Amino acid sequence: MQPLLISLAFCILGIVVTFLLFGAAMGDRSEEVQPPKAPEPRQDGFFLEEGMDSSPIMETPTNALLLELEHRARTEHKAAESFVRGPSAESLHASSEPPQAN
Amino acid sequence: MTRPQWELLSGLPQEDGERILALGIRKTLAEGEILFSLGAEASHIYLVERGGVNLTMPVRIGGAQKEMTVEDRSQGQSLGWSALIPPHRFTLQAQAREHTELLALPRTDLFDLFSRNPAAGYAVISNLARVVGQRLQIFQAMWIREMQRYVELRDA
């Protein structure tokens, strides 16, 4: 009787070990086939001050607009300097843009 | 290196000019370095010896604050005249647009010299009035040009 019980115990132990190994192997595989994680959405936090750009996509149009404004300020400044050198109603409202080439 | 023609010292006898320049503390800025910020206490007026400085004011674009250049100062020109006029607070930010060398003239030393040499003080303040006056006229003209544009857009 005793050898039979020992054999039975070994069989049960073998089955358990087999299941454990199979489970572990399947777990590794399921990790392998998981699709890459999408980047987590950016959270506003301590290091994003109010008023800072939260998206790099916004950076380009913002800087483009800033450059446009600075160009406008320069050309208007030059037009205003011309007015101060020779003040008249005409020079005050003269165009600040150079004539377009044909 | 040729010596700059200082707009602030124009018309001064050479020895008076030298005395004023002797008060200067040499200051070097790397490209992009801030010389002073808007709202800061103005204790020095600056003469640009070499390089250039952009004077900027903040604008909000799409929720972001950006510094917009409204004027620039280069060799021989002065900036920071808020140091000589109450309430002695800068109304612009100054940032080096390239490697820049300046002379920083302390207000207290400058006024002390003016009290001992009123003729030099008169000449410097006259030059300053010319610079400030021209700037006022230019910005008045810019402002009315914008108003004219507003009228034209409104009528369009």
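Procedures and definitions
Residues numbered from 1 in each chain as written. Chains lettered and ligands numbered in written order. Predicted model: local features only at pLDDT ≥ 70, side-chain atom pairs only at ≥ 80, totals over all residues. Heavy atoms only, no water. Contact = heavy atoms within 4.5 Å. Buried area = accessible area lost by both parts, 1.4 Å probe. Salt bridge = Lys/Arg side-chain N within 4 Å of Asp/Glu carboxyl O. Polar contact = N/O pair within 3.5 Å; in protein donor to acceptor, adjacent residues only side chain to side chain. Helix = DSSP H or I, 4+ residues; strand = E, 2+ residues; numbered from the N terminus. Nonpolar A, V, L, I, M, F, W, Y, C, P; charged D, E, K, R; others polar. Pairing = 2+ DSSP bridges. Axes fitted to C-alpha atoms, helices over the stretch in contact; angles between N-to-C directions. Parallel < 35°, antiparallel > 145°, perpendicular 65-115°, else oblique.

Chemist: I keep staring at the interface of chain A and chain B and nothing clicks. Help me out?
Modeler: When the parts come together, some accessible area is lost, and that loss is often what is quoted as the size of the interface. With 24 residues of chain A at the contact, the number on the chain B side is 22 residues. Between chain A and chain B, roughly 1,900 Å² of surface is buried when both sides are summed, and carbon and sulfur atoms account for 62% of that area. Where chain A touches chain B, the interface holds 3 salt bridges. Residues B:Arg145 and A:Glu76 are paired through a salt bridge, measuring 2.7 Å at the closest nitrogen-oxygen approach. Between chain A and chain B we count 7 residue pairs in polar contact (both at pLDDT 80 or more) in total. Those elements that provide at least two residues to the side of chain A that touches chain B are α2 (56-85) and α3 (89-92) of chain A. For the side of chain A that touches chain B, the element with the highest residue contribution is α2(A), accounting for 16 residues. Within the side of chain A that touches chain B, the residues separate by chemical class into 10 nonpolar, 8 polar and 6 charged.

Chemist: Hey, could you run me through the pairing of strand β7 (residues 93-96) of chain B in this one?
Modeler: Residue and element names in this part refer to chain B. In this structure, strand β2 (residues 34-36) lies alongside β7, joined through 2 bridges in antiparallel fashion. By the bridge assignment, Phe36 is partnered in β7 with Ala94. Bridge count between strand β4 (residues 52-61) and β7: 4 bridges; the pairing is antiparallel. Each residue of the ladder has a partner; that of Leu55, found in β7, is Ala94.

Chemist: Could you clarify how one ought to interpret the packing of helix α2 (residues 107-116) of chain B against helix α3 (residues 118-155) of chain B in this entry?
Modeler: If you want to describe how two helices pack, look at the angle between their axes and the distance between the axes. Residue and element names in this part refer to chain B. At a minimum axis distance of 5 Å, the contact between α2 and α3 shows a crossing angle of 125°. By the angle between their axes, α2 is oblique relative to α3. Residues Leu113, Phe114, Ser115 and Arg116 of α2 pack against Pro118, Ala120, Gly121, Val124 and Ile125 of α3. Taken together, the residues that form the contact of α2 with α3 break down as 6 nonpolar, 2 polar and 1 charged.

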